[in-house]
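Spelled out, the chains give:
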Amino acid sequence: ANLNRPVKLQLRYISTKWGVAEDRLFNTKNRLDSFAGRSVVSNVAYNDVGSSNRAKVLEKGGSGNDPLLTTFVRFKGPAAQKTFVTSHASDPIANDTENDNNSIWMGTESQRSIFALTNENTAAPIFTDTETVWQFQKLDKDSLKGR
């Protein structure tokens, strides 16, 4: 097992009409590949579900590039995963407004994932619920430190 081993990965966030949002397509692939230690993801796409769908985003003045809350991952093997964001929150907890450095931001996100084989195997899908808590500290204009 590779417990307590730091994993380096690159994450990306994008500007939207409503503020900064996670680039879920880029970040999902990078997280899964990084934690696996090799390239395991074939592709990641957004899924239209409920109130988080492309038509609603466009109707509210968003763009076709704005992230949605549900992703669908196709792995290089016979497996797929659908992940739904069920809740999220954020809070700036320290700001250095004078020089815009050392700002600290915390966020949480809860997700439900369904992982299933895509071949003719009859194994039942696996459901998981995950809550992630982040803390980011702005180091300079282009860099963050996360934990």
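In case you missed it, the structure is sitting above this.
Residues numbered from 1 in each chain as written. Predicted model: local features only at pLDDT ≥ 70, side-chain atom pairs only at ≥ 80, totals over all residues. Heavy atoms only, no water.

Enquirer: Whenever I open this one, a nonpolar patch on the surface confuses me. Can you help?
Expert: Judged by side-chain polarity, Phe 115, Leu 117 and Ile 126 come together as a nonpolar surface patch covering roughly 240 Å² of accessible area. Position of Ile 126 among the secondary structure elements: in strand β7 (residues 126-140). Judged by relative accessible area, which is 49%, Ile 126 ranks as partly exposed. (Patch = residues over 30% accessible without salt bridge, like charges linked within 9 Å, V, L, I, M, F, W, Y side chains within 5 Å. Areas by Shrake-Rupley, 256 points an atom, 1.4 Å probe, with all protein chains shown as cover. Salt bridge = Lys/Arg side-chain N within 4 Å of Asp/Glu carboxyl O. Helix = DSSP H or I, 4+ residues; strand = E, 2+ residues; numbered from the N terminus. Buried < 20%, exposed > 50% of the residue type's maximum accessible area, 1.4 Å probe, protein only.)

Enquirer: What's the story with the side chain of Thr 16 in this structure? I'm lost.
Expert: Following the sequence through the fold, Thr 16 ends up in strand β1 (residues 13-16). When sequence neighbours within four positions are dropped, the list of residues in contact with Thr 16 reads Ala 21, Asp 66 and Pro 67. (Contact = heavy atoms within 4.5 Å.)

Enquirer: It is not clear to me how the nonpolar core should be interpreted in this structure. Could you clarify?
Expert: Soluble globular proteins: nonpolar side chains tend toward being buried together. Counting residues in each nonpolar core, the largest one holds six residues, listed as Val 40, Val 41, Val 44, Val 73, Phe 75 and Ala 79. Of all elements in the fold, only β3 (41-46) and β4 (70-75) reach the threshold of two or more residues within this core. (Core = buried A, V, L, I, M, F, W, Y, C linked by side-chain atoms within 4.5 Å.)

Enquirer: So what exactly am I meant to see when it comes to the side chain of Asp 33 here?
Expert: You can see Asp 33 is positioned in helix α1 (residues 24-36). Owing to a relative accessible area of 12%, Asp 33 belongs among the buried residues under this scheme. At 2.8 Å, the side chain of Asp 33 forms a polar contact with the backbone nitrogen of Val 40. In this structure, Asp 33 is in contact with Arg 38, Ser 39, Val 40 and Val 41, ignoring residues within four places of it in sequence. (Polar contact = N/O pair within 3.5 Å; in protein donor to acceptor, adjacent residues only side chain to side chain.)

Enquirer: Mind showing me how you'd approach the environment of Ser 51 here?
Expert: Its place among the elements puts Ser 51 in the loop between β3 and α2 (54-59). For Ser 51, a relative accessible area of 62% corresponds to the exposed category. Linking Ser 51 and Leu 68, residues 17 residues apart in sequence, is a C-alpha distance of 9.6 Å.

Enquirer: How should α1 be read in this particular structure?
Expert: Residues three or four positions apart in an α-helix share a direction because the helix packs 3.6 residues into each turn. Here α1 is 13 residues long and its end C-alpha atoms lie 18 Å apart, about the 18 Å a rise of 1.5 Å per residue gives. Positive backbone phi, approximately 80°, marks Gly 37, located one or two places after α1. (Expected span 1.5 Å × (residues − 1).)

Enquirer: How should the packing of aromatic side chains be read in this particular structure?
Expert: Both the distance between ring centres and the angle between the ring planes are used here to describe each pair of aromatic rings. Counted by the stated rule, this structure contains four aromatic pairs. When the ring of Phe 75 is compared with that of Phe 115, the centres are 5.7 Å apart and the planes differ by 65°; the resulting orientation is edge-to-face. Taken together, the residues Phe 75 in strand β4 and Phe 115 in strand β6 (residues 104-117) connect sequence positions 40 residues apart. Look at Phe 75 and you get buried, because its relative accessible area is 15%. Through successive ring pairs, a cluster of aromatic residues spans Tyr 13, Trp 105, Trp 134 and Phe 136. The ring of Phe 26 carries the charged tip of Arg 12 above its face, separated from the ring centre by 3.8 Å. (Phe/Tyr/Trp six-rings, centres within 6.5 Å; stacked < 30°, edge-to-face > 60°. Lys NZ or Arg CZ within 6 Å of the ring centre and 35° of its normal.)

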